[in-house]
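# Architecture and fold: a report
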Amino acid sequence: MREGAHPGRIAVYPARKVPQDRAAGPCDPVHGVPPSGGSGRKITTREPIIQESERPEPEGFEPEATRRDADVAESSRANRGWWDRNADEYQVDHGTFLGDDRFVWGPEGLDEVEAELLGPPEELKGKEVLEIGAGAAQCARWLAAQGARPVALDLSHRQLQHALRIGGSFPLVCADAGALPFADGSFDLACSAYGALPFVADPRLVLSEVRRVLRPGGRFVFSVTHPIRWAFPDEPGPEGLSVSASYFDRTPYVEQDERGGAVYVEHHRTLGDRVRDIVATGFRLVDLVEPEWPAWNSSEWGGWSPLRGSLIPGTAVFVCERD
């Protein structure tokens, strides 16, 4: 790990100058999910202390939603700005749901306590773990409570300020997921709950970087919106149950300003694309988890809902290992 990543402050690493097709990506879109209503676990969430946003949107600004190409540089720039501008609102809206120290893989409420996708909790003690797209670092905080040694990384400095506000005894690093500021073989495990991978134009760059910083035998687990969802409208009700687009259309979803500049970007990969990306970057896919919507979860989260969740998958969790 580079010098400068210490608990109690945010280590900031500017994006590297790389070719247009080798830039990097942002983080944590929907890591916020409702707590497990039927779990019985205590959620210890402080009331957010939110400051005025450092970069507010212009008054009356409404981005235009479209589907168009967006390269890695534009995607990274747009999403870094979006999360810096919207981190405060995100934490106000979802901070209570998130808790301070839970590790959930998606809106269904699949909890690492039960899933054990990184391994049994008792085996995490002493493991060095990189969380990518950490947001306010709830997952890293849970890992630290198991005795692991996490590092929480996010593209958004503002998101990490919320991690700093909540507290923790682990480093916070503001850096690009496609240019990880760590030495080869720095970590035993890596994880990303809806972070980075849905937002980068070149997911293989991120996967290659993660593999580089993992030790041999290391595991990387990441969750993304299930690819089949791109064929359906992003609506939680009955209107979200009819196919409205081609599953095979990989054109990015872009929100842009009045000048046509992207302010938010998401990239679609089919299920086969994801598998090929994993294999091509030297990982072995050991499991693909498609969480079912549990009976206890009555919450809606954007396009996720009990209605849709009972019929089609909303999240895909990929469990990968480096040989």
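In this report, the structure presented in the accompanying data block is examined. Not measured: the values here are computed from a predicted model.

Rules of the game
Residues numbered from 1 in each chain as written. Predicted model: local features only at pLDDT ≥ 70, side-chain atom pairs only at ≥ 80, totals over all residues. Heavy atoms only, no water. Disulfide = S-S within 2.5 Å. Buried < 20%, exposed > 50% of the residue type's maximum accessible area, 1.4 Å probe, protein only. Helix = DSSP H or I, 4+ residues; strand = E, 2+ residues; numbered from the N terminus. Contact = heavy atoms within 4.5 Å. Salt bridge = Lys/Arg side-chain N within 4 Å of Asp/Glu carboxyl O.

## Let's talk about the state of the cysteines
Taken as a whole, this structure holds 0 disulfides when the rule is applied. Take Cys-139: it sits in no disulfide, and the sulfur closest to it among the cysteines is that of Cys-191, at 6.0 Å. What makes Cys-139 buried here is its relative accessible area of 1%.

## A look at helix 5 (residues 203-213)
What helix 5 keeps buried is the set Pro-203, Leu-205, Val-206, Leu-207, Glu-209, Val-210 and Val-213. On its buried face, helix 5 sits against strand 3 (128-132), strand 6 (187-193), strand 7 (214-225), helix 6 (271-280) and strand 10 (283-289).

## As for the environment of Trp-82
For Trp-82, the position within the fold is in helix 1 (residues 72-98). With 182 residues separating them along the chain, Trp-82 and Tyr-264 place their C-alpha atoms 6.1 Å apart. If sequence neighbours within four positions are ignored, Trp-82 has contacts with Glu-255, Val-263 and Tyr-264.

## Comments concerning the pattern of salt bridges
Opposite charge on two side chains lets them pair, provided their charged atoms get close. One pass over the structure, following the stated rule, counts 17 salt bridges. Here Asp-111 ties to Arg-102 by a salt bridge, and the two come within 3.1 Å at their closest N and O atoms. Residue classification places Asp-111 among the buried residues on the basis of a relative accessible area of 2%. A salt bridge links Asp-188 to Arg-215; its shortest N-O distance comes to 2.9 Å. Taken together, the residues span a long stretch of sequence, with Asp-188 in strand 6 and Arg-215 in strand 7 at a distance of 27 residues. Connected through shared salt-bridge partners, Arg-219, Arg-284, Glu-321 and Asp-323 make up one network.

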